[in-house]
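# Overview (structure and organization)
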Amino acid sequence: MTFITTRGKMSSVEDASYERIFTRDGQKVTETVQKWTVKVLQPGSTEPMQFELSTEVAPDTNTLDKWELDETWVVIEADQMRRLVGTNKDSGNAWAIVSFPAIEIREMTAQEKATMQAARKDTLQKRKAKKLQAKQAKGTAKQPEAA
């Protein structure tokens, strides 16, 4: 089941791999967990969304690097949301980070890009028309009536 599907420009890719220590057969074993964090900018948004990619989901690192450099449009699906909250010890300000563990990531097709751009253009034209109507209505309301 998909929790969220989003489309946007690849903003950044970071290696978020980490080591974990666990006990196996009475011995402490250290292993590296491969993971990447990608940030994607949606049209009309100033803040990127953050997604976590496991090795099962992530394409090879060359593809991720190319997508980041080219700011490739991608489609990402996630099946859950993770939220981390805390307080800055120095200032006392609260903070929160939201990330989505991705279950799929792929480059957006040319047809999907064209459809999205057409929909955005249509939405922008409707907004402009609505603003113009409101401006015209406001202008006619201010005109004094003739006696």
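Residues numbered from 1 in each chain as written. Predicted model: local features only at pLDDT ≥ 70, side-chain atom pairs only at ≥ 80, totals over all residues. Heavy atoms only, no water.

### Considering the nonpolar core
Core analysis: the largest hydrophobic core is formed by 18 residues, its most contacted members being Met10, Val38, Phe51, Leu53, Leu64, Ile76 and Ile105. Only β1 (4-15), β4 (35-41), β5 (49-54), α1 (61-70), β6 (73-78) and β8 (94-107) provide two or more residues apiece to this core. Residues contacting Phe51, with those up to four places away along its chain left out, are Thr6, Trp36, Thr37, Val38, Val40, Ile76, Ala78 and Phe100. (Core = buried A, V, L, I, M, F, W, Y, C linked by side-chain atoms within 4.5 Å. Buried < 20%, exposed > 50% of the residue type's maximum accessible area, 1.4 Å probe, protein only. Helix = DSSP H or I, 4+ residues; strand = E, 2+ residues; numbered from the N terminus. Contact = heavy atoms within 4.5 Å.)

### Some details on unusual backbone geometry
For Asp25, which is not a glycine, the phi torsion comes out positive at approximately 55 degrees. In this fold, Asp25 is placed in the loop between β2 (18-24) and β3 (27-33). For Glu71, which is not glycine, the phi dihedral falls at a positive 50 degrees. By secondary structure assignment, the location of Glu71 is in the loop between α1 and β6.

### Points about the confidence of the model for the chain
When the pLDDT values of the chain are averaged, the result is 90; 95% of them are 70 or greater. Helix α2 (residues 110-142) is the least confidently modelled element of the chain, averaging 88 in pLDDT, while β6 averages 95, the highest of any element. (pLDDT = per-residue confidence, 0-100.)

### Points about the pattern of salt bridges
Following the criterion strictly, the structure yields seven salt bridges and no others. Of the charged contacts in the structure, one is a salt bridge between Arg20 and Glu31, with a shortest N-O distance of 2.5 Å. Here Arg20 is found in strand β2, whereas its partner Glu31 is found in strand β3, with 11 residues between them in sequence. Residue classification places Glu31 among the partly exposed positions, given a relative accessible area of 26%. A salt bridge links Asp70 to Lys66; its shortest N-O distance comes to 2.9 Å. Placement of the pair is Asp70 and Lys66 together in helix α1, with a separation of four residues, close to one helical turn. Residues participating in the shared-partner salt-bridge network are Lys35, Glu52 and Arg82. (Salt bridge = Lys/Arg side-chain N within 4 Å of Asp/Glu carboxyl O.)

### As for the packing of aromatic side chains
Using the criterion set out here, one finds two aromatic pairs in the structure. With a centroid separation of 5.5 Å and an interplanar angle of 35 degrees, the aromatic rings of Phe51 and Phe100 are classed as tilted. One end of the pair, Phe51, is in strand β5; the other, Phe100, is in strand β8, with 49 residues separating them in the sequence. Here the two residues Phe51 and Phe100 agree in accessibility, since each one is buried. (Phe/Tyr/Trp six-rings, centres within 6.5 Å; stacked < 30°, edge-to-face > 60°.)

### Re the pairing of β3
Strand direction decides the pairing type here: β2 and β3, joined by seven bridges, are antiparallel. Residue pairing across strands places Arg20 opposite Glu31, the latter belonging to β3. (Pairing = 2+ DSSP bridges.)

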